[in-house]
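What the coordinates show
Below are the chains, spelled out letter by letter.
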Amino acid sequence: MVAKDYPFYLSVKRANCALEVQTVTSPAKETEEPSNKRVKPLSRVTSLASLIAPVRATPLKRFSQTLQRSISFRSDSRPDLLSPRPWSRNVPPANTKRRDSKLWSETFDVCVNHMLTSKEIKRQEAIFELSQGEEDLIEDLKLAKKAYHDPMLKLSIMTEQELNQIFGTLDSLIPLHEDLLRRLQEVRKPDGSTEHVGHILVGWLPCLNSYDSYCSNQVAAKALLDHKKQDHRVQDFLQRCLESPFSRKLDLWNFLDIPRSRLVKYPLLLREILRHTPNDHPDQQHLEEAINIIQGIVAEINIKTGESECQYYKERLIYLEEGQRDSLIDNSRAVCCHGELKNNRGVKLHVFLFEEVLVITRAITHNDQLCYQLYRQPIPVRELVLEDLQDGEVRLGGSIRGAFSNNERIKNFFRVSFKNGSQSQTHSLQANDSFNKQQWLNCIRQAKEKATCAGRAGRLHSEAHFLLSPNGCRVPPGESPLEQMDQSDCESDCSMDTSELGADCERMEQTNSCENEKQIETNV
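Nothing here was measured: the structure is a model prediction, and the numbers come from that model.

The rules we used
- Residues numbered from 1 in each chain as written.
- Predicted model: local features only at pLDDT ≥ 70, side-chain atom pairs only at ≥ 80, totals over all residues.
- Heavy atoms only, no water.
- Helix = DSSP H or I, 4+ residues; strand = E, 2+ residues; numbered from the N terminus.
- Buried < 20%, exposed > 50% of the residue type's maximum accessible area, 1.4 Å probe, protein only.
- Contact = heavy atoms within 4.5 Å.
- Areas by Shrake-Rupley, 256 points an atom, 1.4 Å probe, with all protein chains shown as cover.
- Salt bridge = Lys/Arg side-chain N within 4 Å of Asp/Glu carboxyl O.
- Pairing = 2+ DSSP bridges.
- Core = buried A, V, L, I, M, F, W, Y, C linked by side-chain atoms within 4.5 Å.
- Expected span 1.5 Å × (residues − 1).

Time to look at the overall build of the chain. Within the chain one finds 20 helices and ten strands. Sorting the 524 residues of the chain into buried and exposed places 40% on the buried side. Taking contacts inside the chain between residues at least 6 apart in sequence as the whole, the part at least 24 apart equals 67%. Of the roughly 30100 Å² of accessible surface on the chain, a fraction of 51% belongs to carbon and sulfur atoms.

Where charged atoms from two side chains of opposite charge come close, those side chains can pair. Applying the stated criterion across every chain, the model contains 22 salt bridges. Residues lysine 304 and aspartate 212 are paired through a salt bridge, measuring 3.2 Å at the closest nitrogen-oxygen approach. Taken together, the positions of lysine 304 in helix α15 (residues 283-315) and aspartate 212 in helix α9 (residues 211-216) put the pair 92 residues apart, joining distant regions of the chain. Its relative accessible area of 34% is what places lysine 304 among the partly exposed residues.

We now examine the pairing of strand β10 (residues 423-430). Relative to β10, strand β3 (residues 335-343) runs antiparallel, the two being bridged by two bridges. Each residue of the ladder has a partner; that of asparagine 343, found in β10, is leucine 429. As paired strands, strand β9 (residues 413-420) and β10 are joined by eight bridges and run antiparallel to one another. The partner of phenylalanine 414 across the bridge, within β10, is leucine 429.

The nonpolar side chains of soluble globular proteins are, as a tendency, buried together. In this structure, Tyr148, Met152, Phe167, Leu208 and Tyr211 are the most contacted members of the largest nonpolar core, which totals 57 residues. Not counting chain neighbours up to four residues away, the residues in contact with tyrosine 148 comprise Leu143, Phe167, Phe237, Leu238, Cys241, Phe246, Ser247, Leu250, Asp251, Leu252 and Phe255. Residues Leu384, Val416, Phe418 and Trp440 belong to the second largest nonpolar core, which totals 22 residues.

All right, on to unusual backbone geometry then. With a phi angle near 55°, arginine 248 is a residue other than glycine that sits in the positive phi range. Positionally, arginine 248 belongs in the loop between α11 (232-242) and α12 (252-256).

To continue, consider helix α7 (residues 170-186). An ideal rise of 1.5 Å per residue puts 24 Å on 17 residues; α7 measures up with 25 Å between its terminal C-alpha atoms. Taken together, the buried positions of α7 are Leu170, Leu173, Ile174, Leu176, His177, Asp179, Leu180, Leu181 and Leu184.

Right, here's the structure in full:
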């Protein structure tokens, strides 16, 4: 800078400092001399904590309790192809439309409470919660159709076929719940109290069998929705809806998953009503019957949904060679758990634990679909060896990489191995956290116990075919009482708690072996 320009530079600098000071000084101090100290407006100071997004570990997908959890198909193995939209960062946060919780005692005449006991008030609150939940559910289902389905169809953001796949039979559920809400409102007295609801629930709950097709379709619906989010128009539309007040910060899948979460909540709601119902009340017997009905429906839908999910993933397995195909995969009817794991070289793998086989794959895109290419030969669960590895026991692949890795990268490992003749495999797999690792260990151990029990029962079943009749001929399977006993024992024991499987199978084997010897001696 030229020497003659230096005084001018100082005057400009002092002038800028004066302007900055004036932005934060009070009117009473405007007459004071400007300071040459830079003062940053307080309104611009942002907390560092608000800039850090919370970290979420990918949960282990367990399908033994399909309906009890929201079905999640996030694929961490495939990065998001879309960067955040510029407009989404500039739009100020909208006022979220929150749904206020309502209580029966606050909705109706408070004077009634003085004539009711504390237990009866709690019963009325539980009945009102059931009715209010139906009203909220109907509102959400109609909102999903009006705010998401119809606009995307009208704007040609998705085709009608794609929307039908994603929304499934959502329309048919609305009149179903409107019917229950109407029945509950009809039996409500003018003061807001309800005397009997058990007979209504017993007559209405069988209608929930129609949830079968909706819940079974959720697997394919979620996968298609995730795939369509890669489309710029779809992602922008869903983001705008998410930032609108009507969404209550819920995305489209949250709305589509509301019916499932409502279905599994019915047993809890009915138990709460029953808990506050006197033993001599006429509703007592009806409520117990209604609980048995809904538990049976939920269990049946759970099984069918699990079979649908298993079939979905089996159809998306890609075999590199014909020798990788295994009958254990084809015969599987359920996925015990599945999720993303890493090996000791940091390669992301997607592992499936079927009923009797462990399948290690890599997630790939094939014909615009997320598929799973087999990484190694499938491992039979019965012959699988499981090891729980201590933190720091596994060395990461590569000498330089292992030397400079931090402690987080050598935690939460477990090892699965398999050896059969000349074939052998060993995989050191890393979970996201200790909880996820423990879930994998528990699932594999339970699968091994069930497979071992099934194998023992199968051997006893085959031995029953060698029983001889008094004339020396083989007894047909249908005529052998021992075989029928083996089959019934296997079915009953294998459905028990896994902690008792080992001891029960040993007792069953000893009992059947003893009776088998006695039967042979008798026949001879």
